[in-house]
Amino acid sequence: MSANVHAMEKPVVTITYCAGCRWMLRAAWMAQEILSTFEAEVGGVLLRVGSGGIFEIRVGEHLVFSRAIEGGFLEIKEIKRRLRDLIAPGKSLGHIERASPSSPPAES
């Protein structure tokens, strides 16, 4: 393939999960959420089997999320925000970005 074809390819999100921890369903659910939200922006989501408690989300070599670094799992809305900021900065995430009733109003 030519370099121009590669430049036009959409990024692939890779989720590496620990099989021994039984995190396959979590990884599959996150993949579905990512594909539903970013179907026009990503080329796909790859699930990779890992071990040793790993749960990471990457776009290419860019680490978006690591359970080990974060000390636990994040809500899917935060994962989506991080992905959006990386692959589709102008994209609205709709209801995810709306302030909750207890949040102070945003300053203009």
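I will try to describe carefully the structure that is included in this document. Because the structure is predicted, anything quoted here is derived from the model rather than measured.

**A word on the overall build of the chain**
Looking only at helices and strands, the chain features four helices and four strands. Reading the chain from its N end, one meets helices and strands in the order α-β-α-β-β-β-α-α. Partitioning the intrachain contacts of the chain with sequence separation of at least 6 by distance along the chain shows that 64% fall at a separation of at least 24. Carbon and sulfur atoms provide 53% of the accessible area of the chain, an area that totals close to 7100 Å².

**Quick look at the environment of K10**
Along the chain, K10 falls in the loop between helix 1 (3-8) and strand 1 (12-18). By relative accessible area, K10 is classed as partly exposed at 44%. Linking K10 and I87, residues 77 residues apart in sequence, is a C-alpha distance of 9.0 Å. Polar side-chain contacts of K10 include one of 3.0 Å to the backbone oxygen of A40.

**Considering the sheet that holds strand 1**
In spatial order, the strands read 2-1-3-4; together these four strands make up an open sheet with mixed pairing. Two strands in the sheet have a free side with no partner beyond their single neighbour: strand 2 (44-50) and strand 4 (62-66). For this sheet, the mean angle separating the axes of adjacent strands, direction not counted, is 20°. When strand 1 meets strand 3 (residues 55-59), the two strands line up antiparallel, connected through five bridges. Bridging across to strand 3, V13 finds its partner in V59. Against the sheet, helix 4 (residues 76-87) makes contact with strand 1, strand 3 and strand 4, and its axis sits at roughly 175° relative to strand 4, the strand it touches most.

**What about helix 2 (residues 24-37)?**
When the terminal C-alpha atoms of helix 2 are compared, their 20 Å separation across 14 residues agrees well with the 20 Å that a helix rising 1.5 Å per residue should span. Where helix 2 is concerned, the buried positions are A27, M30, A31, E33, I34 and T37. What you see down the axis of helix 2 is that its buried residues fit within an arc of 165°, all on one side. On its buried face, helix 2 sits against strand 1, strand 2, strand 3 and helix 4.

**Observations regarding the side chain of E56**
Along the polypeptide, E56 turns up in strand 3. For E56, a relative accessible area of 17% corresponds to the buried category. Side chain to side chain, E56 and R58 meet in a polar contact 3.4 Å long. When near neighbours in sequence (up to four residues on either side) are disregarded, E56 contacts T14, I15, T16, L63, F65 and S66.

The rules behind each value
- Residues numbered from 1 in each chain as written.
- Predicted model: local features only at pLDDT ≥ 70, side-chain atom pairs only at ≥ 80, totals over all residues.
- Heavy atoms only, no water.
- Helix = DSSP H or I, 4+ residues; strand = E, 2+ residues; numbered from the N terminus.
- Contact = heavy atoms within 4.5 Å.
- Areas by Shrake-Rupley, 256 points an atom, 1.4 Å probe, with all protein chains shown as cover.
- Buried < 20%, exposed > 50% of the residue type's maximum accessible area, 1.4 Å probe, protein only.
- Polar contact = N/O pair within 3.5 Å; in protein donor to acceptor, adjacent residues only side chain to side chain.
- Pairing = 2+ DSSP bridges.
- Axes fitted to C-alpha atoms, helices over the stretch in contact; angles between N-to-C directions.
- Expected span 1.5 Å × (residues − 1).
- Arc of directions from axis to C-beta.

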